[in-house]
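Each chain, written out:
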Amino acid sequence: MSVATTIAGLRPSAPEPLPFDRSLHIRAFVLERAQGDVLVYSTSSVEADGVSRQYLNHGHEAMFLSDAVSAPLFVHEADRAAVPRRVRGTFSRRHTLDDDFEVIPTPGHTPGATAYLWDNGSQRLLFTGDSVYLRDGEWVGAVLGSSDRAAYLDSLELIRELEFDVLVPWAVTAGQRDHALTDRADTRRRIDAIIGRVRRGGSH
(Lines give C-alpha, C1' and ligand atoms only; values in the text may rest on other atoms or scores of the structure.)
Protein backbone atom coordinates (compact mmCIF):
# COMPACT_ATOMS: atom_id res chain seq x y z
CA MET A 1 0.00 0.00 0.00
CA SER A 2 1.29 3.45 -0.86
CA VAL A 3 1.78 5.74 2.11
CA ALA A 4 2.01 8.93 0.06
CA THR A 5 -0.46 11.70 0.73
CA THR A 6 -2.92 12.18 -2.12
CA ILE A 7 -4.96 15.04 -0.70
CA ALA A 8 -5.42 18.03 -2.99
CA GLY A 9 -3.28 20.99 -1.95
CA LEU A 10 -1.56 19.13 0.89
CA ARG A 11 2.22 18.75 0.58
CA PRO A 12 3.98 16.69 3.26
CA SER A 13 7.60 16.88 4.32
CA ALA A 14 9.76 13.78 4.37
CA PRO A 15 9.04 11.60 7.41
CA GLU A 16 11.38 12.05 10.37
CA PRO A 17 11.62 9.63 13.32
CA LEU A 18 10.87 10.89 16.81
CA PRO A 19 14.11 10.58 18.81
CA PHE A 20 12.27 9.28 21.90
CA ASP A 21 10.02 6.85 19.99
CA ARG A 22 11.54 5.86 16.67
CA SER A 23 8.50 3.72 15.85
CA LEU A 24 6.73 7.03 15.11
CA HIS A 25 7.47 9.38 12.23
CA ILE A 26 6.55 13.07 12.22
CA ARG A 27 5.81 15.32 9.26
CA ALA A 28 5.05 18.96 8.58
CA PHE A 29 2.53 19.91 5.90
CA VAL A 30 2.30 22.79 3.48
CA LEU A 31 -1.27 23.84 2.76
CA GLU A 32 -1.38 25.26 -0.75
CA ARG A 33 -3.79 28.19 -0.60
CA ALA A 34 -4.57 31.03 -3.00
CA GLN A 35 -4.39 33.43 -0.03
CA GLY A 36 -0.88 32.26 0.85
CA ASP A 37 0.56 28.85 1.66
CA VAL A 38 0.59 27.84 5.34
CA LEU A 39 2.92 25.38 7.06
CA VAL A 40 1.41 23.30 9.87
CA TYR A 41 3.66 21.51 12.40
CA SER A 42 7.45 21.37 12.32
CA THR A 43 10.26 18.94 11.55
CA SER A 44 13.97 19.69 11.59
CA SER A 45 14.40 18.85 7.90
CA VAL A 46 11.35 20.56 6.38
CA GLU A 47 11.90 23.12 3.62
CA ALA A 48 9.01 25.38 2.69
CA ASP A 49 9.89 28.28 0.41
CA GLY A 50 7.22 30.91 -0.07
CA VAL A 51 5.15 29.95 2.95
CA SER A 52 3.27 32.92 4.42
CA ARG A 53 2.82 31.51 7.96
CA GLN A 54 3.82 28.56 10.12
CA TYR A 55 1.54 27.25 12.87
CA LEU A 56 2.60 24.89 15.64
CA ASN A 57 0.14 22.49 17.23
CA HIS A 58 1.97 22.57 20.55
CA GLY A 59 5.22 23.64 22.15
CA HIS A 60 7.01 20.27 21.88
CA GLU A 61 7.33 20.86 18.14
CA ALA A 62 9.73 23.71 18.86
CA MET A 63 12.44 21.06 19.37
CA PHE A 64 12.18 20.36 15.64
CA LEU A 65 12.01 23.83 14.10
CA SER A 66 13.84 23.99 10.78
CA ASP A 67 16.36 26.73 10.07
CA ALA A 68 15.26 26.50 6.43
CA VAL A 69 11.84 27.97 7.26
CA SER A 70 11.70 31.74 7.71
CA ALA A 71 7.92 32.20 7.65
CA PRO A 72 6.31 34.08 10.56
CA LEU A 73 5.63 31.66 13.39
CA PHE A 74 2.34 31.39 15.30
CA VAL A 75 1.51 29.38 18.44
CA HIS A 76 -1.02 29.44 21.26
CA GLU A 77 -0.01 31.91 23.95
CA ALA A 78 -0.02 29.17 26.61
CA ASP A 79 2.83 27.34 24.80
CA ARG A 80 4.78 30.44 23.78
CA ALA A 81 7.40 29.95 26.50
CA ALA A 82 8.35 26.57 25.01
CA VAL A 83 9.38 28.15 21.68
CA PRO A 84 13.00 29.39 21.75
CA ARG A 85 12.85 31.50 18.61
CA ARG A 86 10.94 34.61 17.60
CA VAL A 87 7.17 34.16 17.46
CA ARG A 88 5.31 36.60 15.23
CA GLY A 89 1.98 36.15 16.97
CA THR A 90 0.11 34.22 19.62
CA PHE A 91 -3.57 33.49 20.03
CA SER A 92 -5.88 32.20 22.74
CA ARG A 93 -9.29 31.92 21.09
CA ARG A 94 -10.92 30.03 18.26
CA HIS A 95 -10.82 32.07 15.05
CA THR A 96 -10.60 31.76 11.26
CA LEU A 97 -7.97 32.93 8.79
CA ASP A 98 -9.27 33.88 5.32
CA ASP A 99 -12.49 31.86 5.69
CA ASP A 100 -10.78 28.50 5.02
CA PHE A 101 -8.36 27.90 7.91
CA GLU A 102 -9.78 27.65 11.41
CA VAL A 103 -7.69 27.80 14.57
CA ILE A 104 -9.25 25.69 17.37
CA PRO A 105 -7.56 25.56 20.79
CA THR A 106 -7.65 22.01 22.18
CA PRO A 107 -5.75 22.16 25.49
CA GLY A 108 -4.87 19.07 27.46
CA HIS A 109 -1.83 17.40 25.91
CA THR A 110 -0.16 20.74 26.57
CA PRO A 111 -1.83 23.97 27.76
CA GLY A 112 -1.62 25.48 24.28
CA ALA A 113 -2.33 22.47 22.08
CA THR A 114 -4.33 23.66 19.07
CA ALA A 115 -6.08 21.92 16.17
CA TYR A 116 -6.39 23.45 12.72
CA LEU A 117 -9.31 22.81 10.37
CA TRP A 118 -8.66 23.55 6.69
CA ASP A 119 -11.17 23.46 3.82
CA ASN A 120 -9.23 22.75 0.60
CA GLY A 121 -12.34 23.20 -1.53
CA SER A 122 -13.30 19.54 -1.67
CA GLN A 123 -12.44 18.14 1.76
CA ARG A 124 -12.10 19.36 5.33
CA LEU A 125 -8.80 18.41 6.94
CA LEU A 126 -8.24 18.43 10.70
CA PHE A 127 -4.68 18.77 12.03
CA THR A 128 -4.57 17.50 15.61
CA GLY A 129 -0.84 17.28 16.32
CA ASP A 130 -0.28 14.81 19.17
CA SER A 131 -3.71 15.30 20.72
CA VAL A 132 -4.99 12.62 18.34
CA TYR A 133 -2.42 10.71 16.30
CA LEU A 134 -2.17 7.42 14.40
CA ARG A 135 -0.47 4.37 15.90
CA ASP A 136 -0.75 1.23 13.77
CA GLY A 137 -3.74 2.81 12.04
CA GLU A 138 -5.64 3.44 15.28
CA TRP A 139 -6.58 6.90 16.56
CA VAL A 140 -4.90 7.41 19.93
CA GLY A 141 -4.23 10.21 22.39
CA ALA A 142 -1.11 11.20 24.32
CA VAL A 143 -1.73 11.97 27.98
CA LEU A 144 1.59 12.86 29.57
CA GLY A 145 2.44 13.28 33.23
CA SER A 146 2.29 17.02 32.60
CA SER A 147 -1.00 16.89 30.70
CA ASP A 148 -4.30 18.19 32.05
CA ARG A 149 -6.56 15.12 31.81
CA ALA A 150 -9.83 17.03 32.40
CA ALA A 151 -8.97 19.62 29.76
CA TYR A 152 -7.92 16.82 27.40
CA LEU A 153 -11.31 15.15 27.78
CA ASP A 154 -13.09 18.44 27.06
CA SER A 155 -10.97 18.90 23.93
CA LEU A 156 -11.66 15.36 22.74
CA GLU A 157 -15.38 16.03 23.09
CA LEU A 158 -14.94 19.19 21.01
CA ILE A 159 -12.98 17.32 18.32
CA ARG A 160 -15.66 14.60 18.23
CA GLU A 161 -18.25 17.18 17.13
CA LEU A 162 -16.17 18.82 14.39
CA GLU A 163 -17.08 18.16 10.77
CA PHE A 164 -14.05 16.87 8.86
CA ASP A 165 -13.14 14.30 6.23
CA VAL A 166 -9.43 13.74 6.85
CA LEU A 167 -7.40 13.45 10.05
CA VAL A 168 -3.83 14.71 9.60
CA PRO A 169 -1.79 14.24 12.80
CA TRP A 170 1.82 15.20 13.44
CA ALA A 171 2.92 11.61 14.19
CA VAL A 172 2.08 8.24 12.64
CA THR A 173 3.59 4.78 12.87
CA ALA A 174 6.66 4.54 10.63
CA GLY A 175 5.87 3.33 7.13
CA GLN A 176 2.16 3.98 7.38
CA ARG A 177 -0.12 6.53 5.73
CA ASP A 178 0.21 10.06 7.07
CA HIS A 179 -3.54 10.70 7.21
CA ALA A 180 -6.82 8.90 7.81
CA LEU A 181 -10.04 9.33 5.87
CA THR A 182 -13.14 9.46 8.03
CA ASP A 183 -16.80 10.39 8.23
CA ARG A 184 -18.95 11.61 11.09
CA ALA A 185 -19.90 8.18 12.42
CA ASP A 186 -16.32 6.92 12.19
CA THR A 187 -14.98 10.05 13.91
CA ARG A 188 -17.41 9.73 16.79
CA ARG A 189 -16.63 6.04 17.26
CA ARG A 190 -12.87 6.57 17.27
CA ILE A 191 -12.89 9.65 19.51
CA ASP A 192 -15.32 7.97 21.92
CA ALA A 193 -12.83 5.09 22.20
CA ILE A 194 -10.04 7.51 23.16
CA ILE A 195 -12.33 9.30 25.63
CA GLY A 196 -13.16 5.97 27.27
CA ARG A 197 -9.50 5.03 27.69
CA VAL A 198 -8.54 8.46 29.04
CA ARG A 199 -11.46 8.46 31.51
CA ARG A 200 -10.29 5.09 32.79
CA GLY A 201 -6.86 6.56 33.47
CA GLY A 202 -5.14 5.46 30.28
CA SER A 203 -2.56 7.51 28.46
CA HIS A 204 -3.63 6.72 24.90
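Described in the following lines is the structure provided in the data block.

About the thresholds
- Residues numbered from 1 in each chain as written.
- Predicted model: local features only at pLDDT ≥ 70, side-chain atom pairs only at ≥ 80, totals over all residues.
- Heavy atoms only, no water.
- Pairing = 2+ DSSP bridges.
- Helix = DSSP H or I, 4+ residues; strand = E, 2+ residues; numbered from the N terminus.
- Axes fitted to C-alpha atoms, helices over the stretch in contact; angles between N-to-C directions.
- Buried < 20%, exposed > 50% of the residue type's maximum accessible area, 1.4 Å probe, protein only.
- Phe/Tyr/Trp six-rings, centres within 6.5 Å; stacked < 30°, edge-to-face > 60°.
- Parallel < 35°, antiparallel > 145°, perpendicular 65-115°, else oblique.
- Contact = heavy atoms within 4.5 Å.
- Nonpolar A, V, L, I, M, F, W, Y, C, P; charged D, E, K, R; others polar.
- Core = buried A, V, L, I, M, F, W, Y, C linked by side-chain atoms within 4.5 Å.
- 1 Å grid on protein atoms, 1.4 Å probe; cavity = no way out; pocket = protein on both sides within 12 Å on 5 of 7 lines; lining within 4 Å.
- Points joined across faces, edges and corners; volume = space filled by probe spheres on them.

### Re the sheet that holds strand β9 (residues 95–97)
So, point 1. Read from one edge to the other, the open sheet built from six strands follows the order β9-β10-β11-β12-β15-β17, with strand pairing classed as mixed. Strands with a single pairing partner mark the edges of an open sheet, and in this sheet they are β9 and β17 (180–181).
So, point 2. Relative to strand β15 (residues 166–169), strand β12 (residues 124–129) runs parallel, the two being bridged by three bridges. Within the sheet, the bridge partner assigned to Leu126 lies in β15 and is Leu167.

### A word on the sheet that holds strand β4 (residues 29–31)
So, point 1. Pairing is mixed across the open sheet formed by six strands, whose spatial order is β1-β4-β5-β6-β7-β8. A strand with exactly one partner marks an edge of an open sheet, and here the two such strands are β1 (10–12) and β8 (89–91). Across this sheet, the average inter-strand angle for adjacent strands is 25°, counted without regard to direction.
So, point 2. In this structure, β1 lies alongside β4, joined through three bridges in antiparallel fashion. Note on β4: the bridge partner recorded for Pro12 is Phe29.

### A few points about the pairing of strand β11 (residues 114–119)
So, point 1. With five of six residues buried, β11 lies mostly within the body of the structure.
So, point 2. Alignment of strand β10 (residues 101–105) against β11, held across five bridges, turns out to be antiparallel. Counted as the bridge partner of Glu102 is Leu117 from β11.
So, point 3. Inspection of the sheet shows β11 paired to β12 by four bridges, in the antiparallel sense. Of the residues in β12, the one forming a bridge with Leu117 is Leu126.
So, point 4. Count of turn residues in the β11/β12 antiparallel hairpin: four residues, of which Gly121 carries a positive phi of about 105°.

### With respect to the packing of aromatic side chains
So, point 1. Scanning all chains against the criterion turns up 10 aromatic pairs.
So, point 2. Plain terms: the ring middles of Phe29 and Tyr41 are 6.1 Å apart, the flat faces sit at 75° to each other, and that makes the pair edge-to-face. Of this pair, Phe29 sits in strand β4 while Tyr41 sits in the loop between β5 (38–40) and β6 (53–55), and the two are 12 residues apart along the sequence.
So, point 3. For Phe29, a relative accessible area of 0% corresponds to the buried category.
So, point 4. Connected via pairs of aromatic rings, a cluster forms that spans Tyr55, Phe74, Phe91, Phe101 and Tyr116.

### Quick word on the packing of helix α1 (residues 149–160) against helix α2 (residues 184–199)
So, point 1. Relative orientation of the contacting elements α1 and α2 amounts to 170°, with a least axis distance of 9 Å. By the angle class used here, α1 and α2 are roughly antiparallel. Across the interface between the two elements, Arg149, Leu153, Leu156, Glu157, Ile159 and Arg160 from α1 touch Arg184, Thr187, Arg188, Ile191, Asp192, Ile194, Ile195, Val198 and Arg199 from α2.
So, point 2. Looking at side-chain class alone, the contact of α1 with α2 contains seven nonpolar, one polar and seven charged residues.

### Considering the nonpolar core
So, point 1. Counting 57 residues, the largest nonpolar core has Leu31, Tyr55, Phe101, Phe127 and Trp139 as its most contacted members.
So, point 2. What Leu31 contacts, discounting residues up to four positions off in sequence, is Gly9, Leu10, Asp37, Val38, Val40, Phe101, Trp118 and Phe127.
So, point 3. By size, the runner-up hydrophobic cluster in this structure holds seven residues, among which are Ala62, Leu65, Val75 and Val83.

### What about the layout of surface pockets?
So, point 1. Roughly 230 Å³ of internal volume is contained in the largest pocket.
So, point 2. Phe20, His109, Asp130, Ala142 and Leu144 are the residues nearest the centre of the largest pocket, which is lined by 19 residues in total.
So, point 3. The set of elements that each furnish at least two residues to the lining of the largest pocket consists of β3 (21–26) and β13 (133–135).
So, point 4. Of the residues belonging to the lining of the largest pocket, the class tally is 11 nonpolar, five polar and three charged.
So, point 5. Considering only enclosed or pocket space, the second largest pocket measures out at about 160 Å³ in volume.
So, point 6. What lines the second largest pocket is a set of 11 residues, and nearest its centre among them are Leu134, Gly137, Arg177, His179 and Ala180.
So, point 7. Broken down by secondary-structure element, the contributors of at least two residues to the lining of the second largest pocket are β17 and α2.
So, point 8. Considered class by class, the residues forming the lining of the second largest pocket number five nonpolar, three polar and three charged.

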